[in-house]
Amino acid sequence: MVHQLPTGAKDLLPLDVAQKSWIDQQIQQTFQAWGYQRIITPTVEHLRSLTAGGAVDPESVIQLHSDSTNILGLRPEFTASIARAYAARLGANVTAPQRLYYSANVFRRKANRSSEESFQAGVELLGASGLIADAEILMLLGDSLDAVALGDWQIILGDARLTGALLDLLPEQYRAKVRQALSSLDRVGLMEMDLPEDVKGYGLDLIDLRGKPKDVLSRLSAMAWTSSLTGEISYLKSLIEIWESYGKSGLANGGDRLILDLSLVQTFDYYTGIVFEVACNNYIVAQGGRYDQLLGIYHPKGVSYPSIGFCLTLEEIQQALGAKLSAPLNSPSCLVVARTPAAIPAAFAYAADLRQTQKGAIELELEFRDPDMVRNHARSRGITQIAWIDGQGAINFEESD
Ligand SMILES: N[C@@H](Cc1c[nH]c[nH+]1)C(=O)O
């Protein structure tokens, strides 16, 4: 029988693990430097908790049936779990704001019914609203991307409330269709839809609200129908000014680090304020946003706390870094060889001594092979030192480069 993995699942071999661990370490150090503390939530939760409020589609969750009434699921993301964990604690046992971070695997069911496991590292800033909180999250995101030396990343910033309000200006029967076209940036699809010409024109205007922040904001302010949204627009303006003052310089090709995109609509529907994603070499390496109502869904009395966060996907960062990723495999520094069976105890003892004093790993030769074969083996493993131990316990040290 051939034992195959389920579609979409994969083994991570040592090089993959070493690269991911390096990325993870850089990111976790950055989160900690901003005062975030690690939280671990369970991999398996009630499906109704993972999808409470309808923001997460149950179809995207890998479901486990424990009995006929209890459906469990593997977490497809962390924000809902953290909202569940803190909804009743915040304000009662712990004070706001809470700065939390996580780093672990998530599982999603794809449209083709395959499952996908990926690794996310992210933060949630619970119980905080306003300019400084939003700016902290954007800047922490920028620092995390720089910590892994990602290079030409670009933040695409939207605003779920503003986009929602712009869509609400349409007659209700057209909103879902235009929203759908926006989320897939589908200009052609929108033009071909059976919609009145003025609705199509408005939808196209919304799709085009994307580009240099200053240009988009001035186009938006100039649109007569946005007079009721001036507060939101000036909020975005202030946030962008703070971001620009942080000195994350532009891209190598002279482009902007920050793109304002009011057509940005995220997969998870719990966002109520700014939303963003980060693109780098055609990969979406991070996403997040503000969600001010989510904790209320989990609170026994419906009390909510304004919150914001983001997650980075380690696989996407690894792909985006490509050949730039040089996290080396930890190659052993010394091979200890027992020349005869009588030398085995001395070989173990000497290897134990070396482990106390040397930095790299110490490996043992497992057979009594011809010395040249041992040397070849050491070379192929990148080992530069060989300690030969004879039956009397005498050590002969050999170094190569
Ligand atoms: N949990 C979201 C990202 C996020 C974190 N906090 C807010 N949003 C995701 O997986 O896409």
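Residues numbered from 1 in each chain as written. Predicted model: local features only at pLDDT ≥ 70, side-chain atom pairs only at ≥ 80, totals over all residues. Heavy atoms only, no water.

Enquirer: Would you explain the UniProt feature "binding site: L-histidine" (unreviewed entry) in the chain in this entry?
Expert: Sequence positions flagged by UniProt for "binding site: L-histidine" (unreviewed entry) are, in local numbering, Glu77, Phe78, Thr79, Arg108, Gln120, Glu124, Tyr270 and Tyr271. Within the secondary structure, Gln120 is located in strand 6 (residues 115-126). What Gln120 contacts, discounting residues up to four positions off in sequence, is Glu77, Phe78, Tyr102, Ser103, Ala104, Val106, Arg108, Cys311 and Leu312. Along the polypeptide, Tyr270 turns up in the loop between strand 9 (258-261) and strand 10 (274-280). Leave out the neighbours within four places in its chain, and Tyr270 touches Ala55, Val56, Glu77, Thr79, Arg290, Tyr291 and Leu294. A polar contact of 3.4 Å, which involves the side chain of Tyr270, links it to the side chain of Thr79. (UniProt positions renumbered as here; feature names shortened; annotations may be inferred. Helix = DSSP H or I, 4+ residues; strand = E, 2+ residues; numbered from the N terminus. Contact = heavy atoms within 4.5 Å. Polar contact = N/O pair within 3.5 Å; in protein donor to acceptor, adjacent residues only side chain to side chain.)

Enquirer: What is the right way to look at the side chain of Thr30 in this model?
Expert: Along the chain, the position of Thr30 falls in helix 1 (residues 14-33). Excluding residues within four positions of it along the chain, Thr30 makes contact with Leu140, Asp143, Ser144 and Ala147.

Enquirer: What's the story with the nonpolar core in this structure? I'm lost.
Expert: One finds Phe31 and Leu150 to be the most contacted residues of the largest nonpolar core, which totals 66 residues. Broken down by element, this core gets its largest block of residues, eight residues, from helix 4 (residues 131-147). The contacts of Phe31, once residues within four sequence positions are left out, are Tyr36, Tyr101, Ala121, Gly122, Val123, Leu140, Ser144, Phe310 and Leu312. Residues Ile39, Val61, Phe78 and Ala83 belong to the second largest nonpolar core, which totals 33 residues. (Core = buried A, V, L, I, M, F, W, Y, C linked by side-chain atoms within 4.5 Å. Buried < 20%, exposed > 50% of the residue type's maximum accessible area, 1.4 Å probe, protein only.)

Enquirer: Where do I start with the pattern of salt bridges in this structure?
Expert: Working definition: two side chains of opposite charge can pair if their charged atoms are close together. Scanning the entire structure with this criterion turns up 20 salt bridges. With its nearest N and O atoms 2.8 Å apart, the salt bridge here joins Asp143 to Lys248. Within this pair, whereas Asp143 is found in helix 4, its partner Lys248 is found in the loop between helix 10 (230-245) and strand 9, the two being separated by 105 residues in sequence. Per residue, the accessibility class of Asp143 equals that of Lys248, and both read buried. Asp372 serves as the salt-bridge partner of Arg375, at 3.0 Å between the closest nitrogen and oxygen. (Salt bridge = Lys/Arg side-chain N within 4 Å of Asp/Glu carboxyl O.)

Enquirer: It is not clear to me how the sheet that holds strand 10 should be interpreted in this structure. Could you clarify?
Expert: Think of a sheet as strands paired side by side through backbone hydrogen bonds, with each pair either parallel or antiparallel. Taken in spatial order, the nine strands make up an open sheet running 1-5-6-12-11-10-7-9-8, and their pairing is mixed. Because the sheet does not close on itself, it has two edges, and the strands there are strand 1 (37-38) and strand 8 (210-211). Pairing of strand 7 (residues 154-159) with strand 9, which is carried by three bridges, proceeds in the parallel orientation. Its bridge partner being in strand 9, Leu157 is matched across the sheet by Leu260. Sitting on the sheet, helix 1 is in contact with strand 1, strand 5 (98-109), strand 6 and strand 12 (307-313), with an inclination near 15° to strand 6. (Pairing = 2+ DSSP bridges. Axes fitted to C-alpha atoms, helices over the stretch in contact; angles between N-to-C directions.)

Enquirer: Explain the sheet that holds strand 2 (residues 44-46) to me, please; I cannot follow it from the model alone.
Expert: Strands sit in the order 2-4-3 across an open sheet of three strands; the sheet is antiparallel. The open sheet has two edge strands with one neighbour each: strand 2 and strand 3 (63-65). Each neighbouring strand pair of the sheet contributes to a mean axis angle of 35°, computed without reference to strand direction. Two strands pair when backbone bridges link them, and strand 3 and strand 4 (residues 71-74) are joined in this way by three bridges, in the antiparallel orientation. From the neighbouring strand, Gln63 faces strand 4, where its bridge partner is Gly73.

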